[in-house]
Amino acid sequence: MEIGIEERYANAHIPKCVPFDIKVDVEKCTKCKRCVLNCPGGIYWDEEKEMPRLGGYGLMEKVSLACNACLAACPSGALEYVGEYRVLEGRYKTTLQDVGLVPPNPFGDETPRPYDEIEEKLTDVEKVIYTRRANRIYQNKPLPKELINRILEAGRFAPSSGNGQPWKFIVVTDKNLIKEIDTECIKFLSIFRWLYLGSRGISGKDTPWRKALVPLLSYTMPGDMDQRPMGALGKAIDLYKETGDLHFDAPCVIYILNDVRGIASPELDTGICAQNMVLAAHALGLGTCYVGFGTVPFEFLSGLNKKLGIEYPWRMSTSIAVGYPKGKIDKAVPRGVPPVKWIE
Ligand SMILES: Cc1cc2nc3c(=O)[nH]c(=O)nc-3n(C[C@H](O)[C@H](O)[C@H](O)COP(=O)(O)O)c2cc1C
Ligand code: SF4
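Just so we're clear, the structure is a prediction, and the values are computed from it rather than from any experiment.

Student: Just checking my understanding: could you explain helix 8 (residues 208-220) for this structure?
Tutor: Each full turn of the α-helix corresponds to 3.6 residues, which orients residues three or four apart in the same direction. Buried residues of helix 8: R210, V214, P215, L217 and S218, and no others. Viewed along the axis of helix 8, the buried residues span an arc of 165°, placing them on a single side of the element. Those residues of helix 8 that are exposed and angled more than 90 degrees off the buried face are P208, L216, Y219 and T220.

Listed below in structure tokens is the structure:
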């Protein structure tokens with residue numbers, strides 16, 4: 001799927017998507033709200049109907065990451081997706097294949113089998129890869145240092161360009177400090193939310209200057225002007241209002257920094273390093289969640305860097321919330337299918 005020149009900057013602000021929703025089996029739903037708690041953006045609690053609903057604010061009514069976080073967290077199998085999140089035209093046209101969400105299919109079956117049927121044929125590494133889910137519900141229980149060390153060691157042995165190992169880790173278990181940092185982050189990110197949606201957008205009306213501004217901003221910050229992170233930001237702001245943090249009250253946050261002088265592509269190296277840690281944590285029975293909202297503002301606010309003692313040559317890359325999951329979340333879920341070009 002290519003995106004032609006003429007549509008690269010068209011429909012950038014709140015593009016229309018194909019109808020997508022969740023279906024709730026009211027007989028099975030116990031009203032535990034775990035789906036709402038684990039969802040990074042899109043699932044809210046409907047007070048009137050007393051059940052979850054998909055829907056954000058005003059103009060962003062049905063925006064979703066479609067990540068299956070709600071389904072993974074639901075203990076009673078009460079949720080189902082209807083359709084998939086898909087934008088048909090414009091700047092943010094979906095490039096995934098138009099085949100819907102498909103479960104892990106490593107054996108290339110014509111009709112993919114349920115995960116339970118293929119699991120015993122998988123290696124241990126594959127099992128961790130397929131069942132790892134972002135975890136946003138944690139037990140209020142400290143993580144022993146020995147376990148944190150096992151995670152850091154998995155990161156240390158990641159591959160890196162020229163074996164440069166351009167990373168540094170800051171481990172924070174002081175929840176007050178995490179809250180302090182997240183408070184600064186949310187203040188900063190709220191400006192972006194206002195630029196994108198504003199109070200008129202939240203109440204369902206568009207503003208001409210905003211419709212013009214967002215395509216312009218999408219030149220310089222294409223990923224940030226996608227409506228999905230903007231929808232997720234709305235949910236993060238709500239979460240912050242309730243809990244005072246963006247890291248889900250996890251007992252430990254690992255900040256990963258990269259050396260700006262790193263060989264070739266230090267950002268890529270730290271991404272690989274972080275994922276080693278995340279997979280190791282899940283293999284140990286822990287839960288993790290990357291929290292970009294808690295680190296993006298470091299790029300702009302020097303005060304935040306000072307709080308963690310970050311100085312040249314270090315730059316914030318990402319953060320990972322880690323802890324004991326509360327209830328089961330890790331499980332295999334269906335995903336979109338990327339375009340694959342075989343050249344043989
Ligand atoms: C770099 C990065 C940043 C992320 N930032 C956030 C975040 O700020 N808040 C959040 O709830 N989830 C965040 N996530 C988690 C994604 O939403 C999640 O990985 C995605 O929806 C896929 O779901 P899965 O991890 O369960 O497979 C982030 C993930 C990555 C890789
Ligand atoms: S997680 Fe499942 S059971 Fe709990 S409120 Fe959501 S749909 Fe209902």
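Student: Just to check I follow, could you spell out the pairing of strand 2 (residues 43-46) for this structure?
Tutor: For a regular strand, the rule is simple: side chains alternate between the two faces of the sheet. Two elements, strand 2 and strand 3 (residues 51-54), share four bridges in a ladder whose sense is antiparallel. Looking at strand 3, one finds that W45 is bridged to P52. Following strand 2, the chain reverses through four residues before pairing antiparallel with strand 3; E50 in that reversal takes a positive phi of roughly 55°.

Student: So what exactly am I meant to see when it comes to the site of ligand 1 here?
Tutor: Around ligand 1 sit 14 residues, and of these R133, A134, R136, G292 and R335 come closest. Within the side chain of R132, one N or O atom sits 2.9 Å away from an oxygen atom of ligand 1. The contact in question runs from an oxygen atom of ligand 1 to an N or O atom on the side chain of R335, over 2.5 Å. Here ligand 1 loses 71% of its free accessible area of 620 Å² to cover by the protein chains.

Student: Hey, could you run me through the pairing of strand 1 (residues 21-24) in this one?
Tutor: Here strand 1 shows a buried face lined by I22 and V24 and an unburied face lined by D21 and K23. Bridge analysis of strand 1 against strand 4 (residues 79-82) gives four bridges, and the strand direction is antiparallel. Across the sheet, D21 pairs through a bridge with V82, a residue of strand 4.

Student: Please clarify how the packing of aromatic side chains should be interpreted in this entry.
Tutor: Aromatic rings in a pair are described by how distant their centres are and how their planes are angled relative to each other. Scanning all chains against the criterion turns up six aromatic pairs. Measuring from ring centre to ring centre gives 4.0 Å for Y9 and Y219, while their planes differ by 15°; the resulting arrangement is stacked. Of this pair, Y9 sits in the segment before strand 1 while Y219 sits in helix 8, placing them 210 residues apart in sequence. Taking the relative accessible area as the measure of exposure, Y9 reaches 32% and is therefore partly exposed. Among the aromatic residues, those joined into a ring-pair cluster are F188, F192 and F300. The lysine or arginine in question, R210, covers the ring of W194, its NZ or CZ lying 5.3 Å from the ring centre.

Student: Just to check I follow, could you spell out the nonpolar core for this structure?
Tutor: A general trend in soluble globular proteins is that nonpolar side chains are found buried together. Ranked by internal contacts, the top residues of the largest apolar core, which has 40 residues, are Y196, M225, Y255, F298 and L308. Elements supplying a minimum of two residues to this core: strand 5 (167-172), helix 6 (175-196), helix 8, helix 9 (227-243), strand 6 (252-259) and strand 8 (314-323). With eight residues, helix 6 is the largest single contributor of residues to this core. Ignoring anything within four residues of it in the chain, the contact list for F298 reads I181, C185, L304, N305, L308, I310 and M316.

Student: Just to check I follow, could you spell out the side chain of D226 for this structure?
Tutor: Along the chain, the position of D226 falls in the loop between helix 8 and helix 9. Judged by relative accessible area, D226 falls into the buried class, the value being 8%. A distance of 2.7 Å separates a polar atom in the side chain of D226 from a polar atom in the side chain of R228. Once residues within four sequence positions are removed from consideration, D226 is found in contact with Y92 and Y196.

Reading guide: rules and limits
- Residues numbered from 1 in each chain as written.
- Chains lettered and ligands numbered in written order.
- Predicted model: local features only at pLDDT ≥ 70, side-chain atom pairs only at ≥ 80, totals over all residues.
- Heavy atoms only, no water.
- Buried < 20%, exposed > 50% of the residue type's maximum accessible area, 1.4 Å probe, protein only.
- Helix = DSSP H or I, 4+ residues; strand = E, 2+ residues; numbered from the N terminus.
- Arc of directions from axis to C-beta.
- Pairing = 2+ DSSP bridges.
- Near = heavy atom within 4 Å.
- Polar contact = N/O pair within 3.5 Å; in protein donor to acceptor, adjacent residues only side chain to side chain.
- Areas by Shrake-Rupley, 256 points an atom, 1.4 Å probe, with all protein chains shown as cover.
- Phe/Tyr/Trp six-rings, centres within 6.5 Å; stacked < 30°, edge-to-face > 60°.
- Lys NZ or Arg CZ within 6 Å of the ring centre and 35° of its normal.
- Core = buried A, V, L, I, M, F, W, Y, C linked by side-chain atoms within 4.5 Å.
- Contact = heavy atoms within 4.5 Å.

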